[in-house]
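Residues per chain are reported as follows:
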Amino acid sequence: MKSGFIGVIGKANAGKSTLINVLVGEKVAIVSPKPQTTRDAIMGILTKPAYQLVFVDTPGIYKAKNRLADMMLKTAETAAKDVDFILYVHDGHGGISDDDILLMKKYLSSGTPMAVAYTKIDIMPKENIPADIKRLYENGIDCDVFPVSARKRTNIVKLEEFLAGKMPEGDKVIAEDIVSDKSERFMVSEIMREKILLKFGQEIPHGIAISINTFEKTQNGVYDINLDIICEKPNHKSILIGKQGAAIKEVSSFARKDMEKFLGTKVFLTTYVKVKEDWRNRPNLMKDFGYED
């Protein structure tokens, strides 16, 4: 049997989490069309009879503007050093810049074997693909490049089989019935954060944290979940709540439905919005909200 760890690295919003969710076949990471959606290193585990692939989803590479963003960058850097293989995910729809090539070269030079997943080919002109791949090779990106579409599942099986072949021989490192290393409590908080990112567009920046106060399964099988939505400014709180509470009711309803699907049972959800100014630069609050430096 083959098994190993694959660090999934790339710029913010390249499609790393979507690709991992499709490869694993379960939702193990939240997805939104915005940078900095993933904040933690999250493992997604794919177990087949002949191999086990442990994908380590990392925060997108993004210029640090606060302590939280700096911590996220360090998380990605650390993950790239502690794996058997690096899968660098590049948004093909966005073209290829000199900066993209420099980043790929940086990870290629680390000594860890690497391949490039050139994503989102379903929303770009097909004639751009061979030209971009040729440019990569001409600029020293000497590794396998896989044009893929997670949404259309194009070349996903081919990529999976390639990665399996690159893993070292060994037993499973994770029990086969586990698809993620994160707890139900963590995933519930991420579902809440995902729905906020999807609903509020550019109105609310990424200064949102979720703090769960109560996470209990009652005798009748219903989960009682009480959580705080943390934002950084009073006007953000007003936007999140909306006129007569309409916005928070809507986003909470969307989140509750996904929580029920994930947990497999009914959820009684209570949400509050609180302001903690500049929390992303305050280590004590970062720790309180689950972000260790």
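Before reading on, note that the structure itself is shown above.
Since the model is a prediction, treat every value here as computed from it, not as a measurement. (Residues numbered from 1 in each chain as written. Predicted model: local features only at pLDDT ≥ 70, side-chain atom pairs only at ≥ 80, totals over all residues. Heavy atoms only, no water.)

Concerning helix α6 (residues 184-200)
With 17 residues, α6 should reach 24 Å at 1.5 Å per residue; the first-to-last C-alpha distance of 25 Å fits that figure. Along α6, 13 of the 17 residues are buried, which leaves the element largely enclosed by surrounding structure. (Helix = DSSP H or I, 4+ residues; strand = E, 2+ residues; numbered from the N terminus. Expected span 1.5 Å × (residues − 1). Buried < 20%, exposed > 50% of the residue type's maximum accessible area, 1.4 Å probe, protein only.)

A short note on the layout of surface pockets
Each pocket or cavity is described by its volume, and for the second largest pocket that value is around 330 Å³. Together, 13 residues line the second largest pocket, and E26, K27, V28, M187 and F262 are the ones closest to its centre. Grouping the constituent residues of the lining of the second largest pocket by class yields 5 nonpolar, 2 polar and 6 charged. (1 Å grid on protein atoms, 1.4 Å probe; cavity = no way out; pocket = protein on both sides within 12 Å on 5 of 7 lines; lining within 4 Å. Points joined across faces, edges and corners; volume = space filled by probe spheres on them. Nonpolar A, V, L, I, M, F, W, Y, C, P; charged D, E, K, R; others polar.)

A word on the nonpolar core
By size, the foremost hydrophobic cluster in this structure holds 27 residues, and its most contacted members are I6, L19, L53, F55, L87, L159 and L163. Where this core is concerned, the elements lending two or more residues are β1 (2-9), α1 (16-24), β3 (51-57), β4 (85-91), β5 (114-119) and α5 (156-166). Contact partners of L159, with chain neighbours within four places excluded, come to L19, L87, A117, F146 and V148. By size, the runner-up hydrophobic cluster in this structure holds 24 residues, among which are Y223, I225, C231 and L269. (Core = buried A, V, L, I, M, F, W, Y, C linked by side-chain atoms within 4.5 Å. Contact = heavy atoms within 4.5 Å.)

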